[in-house]
Amino acid sequence: MVTVAQQNPFTATVLGLPRVGPRRELKRATEAYWAGEIDAGRLHAVARDLRRTQLTDLRAAGLDSIPVGTFSYYDQMLDTAELLGALPPRVAGIADPLDRYFAAARGTETVEPLEMTKWFDTNYHYLVPEIGPETAFSLHPDKLLAQLREALELGVPARPVVIGPITFLKLAKASGGSALARLIELLPLYRELLRRLAVAGAQWVQIDEPVLVTDLTAEEIGLVQVTYAELADAPERPAILVATYFGQPDAALPALASTGIEGVALDFTSGADVAAGADVPALTGKLIVAGVVDGRNVWRTDLDRAVATLDTLRGSAAQVAVSSSCSLLHVPYTLAAETALDERLRSWLAFGAEKVTEVRLLATALSDGAQAIDAELAEVRAALASRRSDPRLNDPRVRARLAALGPDAVRRAPAEQRRELQRDRLRLPALPTTTIGSYPQTSAIRLARAALRKGAIDQAEYVRRMRAEIAEVIALQERLGLDVLVHGEPERNDMVQYFAEQLDGFAATEQGWVQSYGTRCVRPPILFGDVARREPMTVEWIAYAQSLTDKPVKGMLTGPVTILAWSFVRDDQPLGDSARQVALAIRDESVDLESAGIRIIQVDEPALRELLPLRAADQPGYLEWSVQSFRIATSGVSDATQIHTHLCYSEFGEVIDAIAGLDADVTSIEAARSRMEVLDDLNAAGFDLGVGPGVYDIHSARVPSVDEITTSLRAALKAVPAERLWVNPDCGLKTRGRAEVEASLRNMVAAAAAVR
C-alpha cells in the first residue's frame, strides 16, 4: 500500500492550468483547423508547444508538483467522456478521433452536439456527458499517458489529473434514472487507469471531485467512501490526492479521510474551515493540500492571513502543501501584459503567474518560517492598506442614492395590465420572431475597433463604420421578415466589458483572456470600486438603428447579476451591494432608452443560475438580492415599455421561482440542446409571462431546417399558449458566420409562419 512517507512529498503546486495560451494561440489554431486552414499535425504542434512552455515555466518558478492532463482542446468533462468510452453513439460513425471529439463538442450538419452548461458557480461551461443504456464504458487513456510522458521527458515533477467518478456521473445526463447507478462499472476502469499511470512513472495522481462541496445525500456520501476505499485498495497505483474546490466538503471530508487515499485538497478561499483537520482525526495521517491562494479572483493574497492558516493546519495533517484553491483556468495568465492599468490598482492584483509566485512564497514560509519572506510580507501589507484607503471604494453619492430607494423602485403594474398596454403599442403578430442581440462580429468590425485603438482612425470614422454595420443588420432583418429587430451590437467588444469600460468602479484589461468554453474567450473586467454611470452608454447606437425602421428595435443591456458574474468582483463588500450599484446604472440607461423612443428593452441575465450558491442553505439570500437588483434596473420605465430578459446554458430548475420573480414581460431562454425541457419547469412554477424558448442552437455550426424548427415550435406550443410564445435562437449570434446566420434565420422565420 502506498503511503505519504513513501513518496517525495511535495510542498508547492496548483490544481490546474489554463490552456488557450497567453495570446489565445490554441483558440486561433483550433478555429483554423475547423476552417480547414491547417491540418491536425499543425494543431497538435501548437498545443504541444504551449504545454511544454507552461510546464517548464512552472518548474522554473519552483513548483515541485505540476498538474498534467488538464490541457484540453475543448473541455475536460468531454475529455473524461472520451477517456471512459462514453462519447454519444451518434458520433461513433466519424472515423477520425479528433473530428469525432469536436463533433461531440460542437456538432456537424448532421450530428447534434452535447448539451452545455455552467461548471458549478463559475463562468466556465462544460459539455454534459450523456449516459444511456447503450453506453458501454471502456478505458482509453492514451491522451493522458502521452501528456504524462511528455512532462516526465522534460524533467517536470508531473501529477496527472482526472475528473473523479462521482463528479463525472453526478454532472452527466442519464436516461432512465441517476447516472450514479453506473458507478460500479467505472471503478474497475479507474483502478486500471491508476495502474497504467503508476507504470508510466506517476508518483501522485489528482482526482478532481468538486461535486463533494455540494449538498449530497447520505447515500451519496456512502458511495464516496466506497469509491475511494476501493481505489485506495488498488494493488499498483500512485498516491491519490482527491481535490475538492469551490466550497467546503463537509460530510464528504470524513468519508474521504476514512479511506486509504494519501491526500485531500481543500479550498480555504471559498468556505473551507481551517479547523477542518482538527474535526477529522483521520486527516492527521494524510497530506492536506491547502488552497490558500484564490484561483478564481484576481486580488493579491493576504500573505499574513495565509501564513496563519497554514500554521494552524500543521497540527492536523502528516504534511501540508500550498496550492491555488482551484485550477488557474479561471484567471488570466499574467499581470505582466497589463501595461495600461492604473498603478495603484495594479499593486492590488495577482493573475496566474503572480499566484504561482504567491504559492512558492507561502511554501517557503511554511518550511522556513514567515521571516524568510519578510520583504514580500511588507510589500503586500502596503498594497492592502492602499486598497482599503482608496476613495474610489466608497462614493458617498452612490451610497446615498441606494439608501434612498423605496419599495416603489422595484415595482411595476401587474403583468396582465402591462400586457394590454404593450399589445396596443407594439401590434405584433402571433409567435413574434426576434433574435437575442448580437450579430456576427466580422473582420471589418474587428479591424475598425483595432484601428481606433491604435489611433489609425478617429472616433467620427469609427462611428461611421459602425453605423454602416448597423444599417446592414437592420436591412438584413427587414429582408428576412423578423418582427422585432436588434442593432447587432457591432460596437461592443463583449456584453460585459463594453459596459464596464463606461462605468466608474471598473477597469478593463488588455490581455486578461479567460476561457469561457471551447475557443470562446472573454476578458472579465475588474470591479474594484463603487459603480456609477458617467453618461449614456447605448442610446446613440440604438436610436440610430430605430431611425432606420418602423419595426421595434430592442434596446440591449446587460443585467447587474451577469455583469458581476462575468467580472472579477470586489471581495471587500457583499456581492449584493455591488449588484445594486450596477443596477442603478442600468436603470438610468433604460430610462434614457425609453426617452429616446425605444419600446422594447432587453436586460440580459444569462448568469442568473451561474452565481447560485452551491449549498441550498445559502441560496435564498442570493436569490433575494439578484431578483431585487434586476427589478431596480428595469422598474424605472413605463408599463407600456416591454422588458425582455435572456437566460442561457444553465440548469434552470433551481431558479424557476426567481425567473418568475424577475417579472420580465418576455424571457428568452436556452432550450434547443435540452430539447425544451425548461418549459416543463416553467409550467410547474406557474409561469405566465411571455417566453421565447430557443428553437435552434447557435453554438453549433449546423443550419437547422424549417422542419426541425417547426417541430421545436409545435413542442413548445404544447407547454406555452401561442399568445405568450416568442420565436428566437438560443443565444446571440456574435460567434457565427453571416451566411450561416442568414440561412438559419430564414428557416426560423419560415417555420414561425408555417406554425402560425
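About the criteria used
- Residues numbered from 1 in each chain as written.
- Predicted model: local features only at pLDDT ≥ 70, side-chain atom pairs only at ≥ 80, totals over all residues.
- Heavy atoms only, no water.
- Helix = DSSP H or I, 4+ residues; strand = E, 2+ residues; numbered from the N terminus.
- Rg over C-alpha atoms; globule rule 2.2 N^0.38 Å.
- Buried < 20%, exposed > 50% of the residue type's maximum accessible area, 1.4 Å probe, protein only.
- Areas by Shrake-Rupley, 256 points an atom, 1.4 Å probe, with all protein chains shown as cover.
- Lys, Arg positive; Asp, Glu negative; His and termini not counted.
- Charge placed at Lys NZ, Arg CZ, Asp CG, Glu CD.
- Core = buried A, V, L, I, M, F, W, Y, C linked by side-chain atoms within 4.5 Å.
- Domains from an automatic or database assignment.
- Contact = heavy atoms within 4.5 Å.
- Pairing = 2+ DSSP bridges.
- Buried area = accessible area lost by both parts, 1.4 Å probe.
- Salt bridge = Lys/Arg side-chain N within 4 Å of Asp/Glu carboxyl O.
- Nonpolar A, V, L, I, M, F, W, Y, C, P; charged D, E, K, R; others polar.
- Axes fitted to C-alpha atoms, helices over the stretch in contact; angles between N-to-C directions.
- Polar contact = N/O pair within 3.5 Å; in protein donor to acceptor, adjacent residues only side chain to side chain.
- Parallel < 35°, antiparallel > 145°, perpendicular 65-115°, else oblique.
- Left-handed = near helix turned anticlockwise from the far one by under 90°.

## A word on the overall build of the protein
Part 1: A tally of helices and strands in the protein yields 27 helices and 20 strands.
Part 2: Over its C-alpha trace the protein gives a radius of gyration of 26 Å, about what one expects of a compact globule, namely 27 Å for 756 residues.
Part 3: Counting only C-alpha atoms and orienting by the principal axes, one finds that the protein spans roughly 75 × 60 × 50 Å.
Part 4: For the protein, the proportion of its 756 residues judged to be buried stands at 62%.
Part 5: For the protein, the computed accessible surface area is about 27,200 Å², with 51% contributed by carbon and sulfur atoms.
Part 6: Of the side-chain charges in the protein, 80 are positive and 101 negative, and the distance between the mean point of each set is 4 Å.

## Section: the nonpolar core
Proteins that are soluble and globular tend to have nonpolar side chains buried together.
Part 1: Trp119 and Phe168 are the most contacted members of the largest nonpolar core, which has 147 residues in total.
Part 2: Here this core gets 8 residues from one element, more than from any other, and that element is helix α7 (residues 183-199).
Part 3: The two domains that each donate at least three residues to this core are domain 1 (12-286 + 321-333) and domain 2 (416-755).
Part 4: Ignoring sequence-local partners within four residues, the contact set of Phe168 consists of Met77, Thr80, Ala81, Leu84, Ala86, Pro129, Ile131, Phe137, Ile163 and Leu186.
Part 5: Core analysis: the second largest hydrophobic core is formed by 101 residues, Ile542, Val691, Val749 and Val755 among them.

## Overview of the pairing of strand β15 (residues 526-533)
Part 1: When you tally the buried positions in β15, you get 7 out of 8 residues, the bulk of the element.
Part 2: With 4 bridges connecting them, strand β12 (residues 503-507) and β15 associate as antiparallel partners. The residue of β15 that forms the bridge with Leu503 is Arg533.

## Considerations on the domain arrangement of the protein
Part 1: You can read the domains of the protein as domain 1 (12-286 + 321-333) and domain 2 (416-755).
Part 2: Using C-alpha coordinates to define each centre, domain 1 is positioned 33 Å away from domain 2.
Part 3: Buried area between domain 1 and domain 2, summed over both chains or domains, comes out near 3,500 Å², and the portion from carbon and sulfur atoms is 49%.
Part 4: The tally of links between domain 1 and domain 2 comes to 3 salt bridges.
Part 5: Of the charged contacts, one joins Lys118 and Glu610 as a salt bridge, the two residues approaching to 2.3 Å between their closest N and O atoms.
Part 6: Secondary structure elements with two or more residues in the side of domain 1 that touches domain 2: α1 (25-34), α4 (97-106), β2 (116-118) and β3 (125-127).
Part 7: Ranked by residues supplied to the side of domain 1 that touches domain 2, first place goes to α1 with 4 residues.
Part 8: Grouping the amino acids of the side of domain 1 that touches domain 2 by side-chain chemistry returns 19 nonpolar, 10 polar and 14 charged.

## A word on the sheet that holds strand β18 (residues 642-647)
Part 1: One open sheet holds the 5 strands; their spatial order is β16-β17-β18-β19-β20, and the pairing between them is parallel. On the outer flanks of this sheet lie β16 (554-558) and β20 (690-693), each paired with one strand and no other. Each strand axis lies, on average, 20° off the axis of its neighbour in the sheet, ignoring direction.
Part 2: In this structure, β18 lies alongside strand β19 (residues 666-669), joined through 4 bridges in parallel fashion. Residue pairing across strands places His646 opposite Ser668, the latter belonging to β19.

## Overview of the side chain of Asn123
Part 1: Inspection of the secondary structure assignment puts Asn123 in the loop between β2 and β3.
Part 2: Accessibility expressed as a relative area gives 17% for Asn123, which makes it buried.
Part 3: Side chain to side chain, Asn123 and Trp566 meet in a polar contact 2.7 Å long.
Part 4: Excluding residues within four positions of it along the chain, Asn123 makes contact with Lys118, Ser516, Val522, Ala565, Trp566 and Glu610.

## Re the packing of helix α18 (residues 459-480) against helix α20 (residues 539-547)
Part 1: α20 packs onto α18 with a crossing angle of 45° between their chain directions and a minimal axis gap of 10 Å. Accordingly, the angle class assigned to the pair α18 and α20 is oblique. The element α18 and its partner α20 pack so that their crossing is right-handed. Along the contact surface, α18 presents Val463, Met466, Arg467, Ile470, Ala471 and Ile474, while α20 presents Glu540, Trp541, Tyr544 and Ala545.
Part 2: Grouping the amino acids of the contact of α18 with α20 by side-chain chemistry returns 8 nonpolar, no polar and 2 charged.

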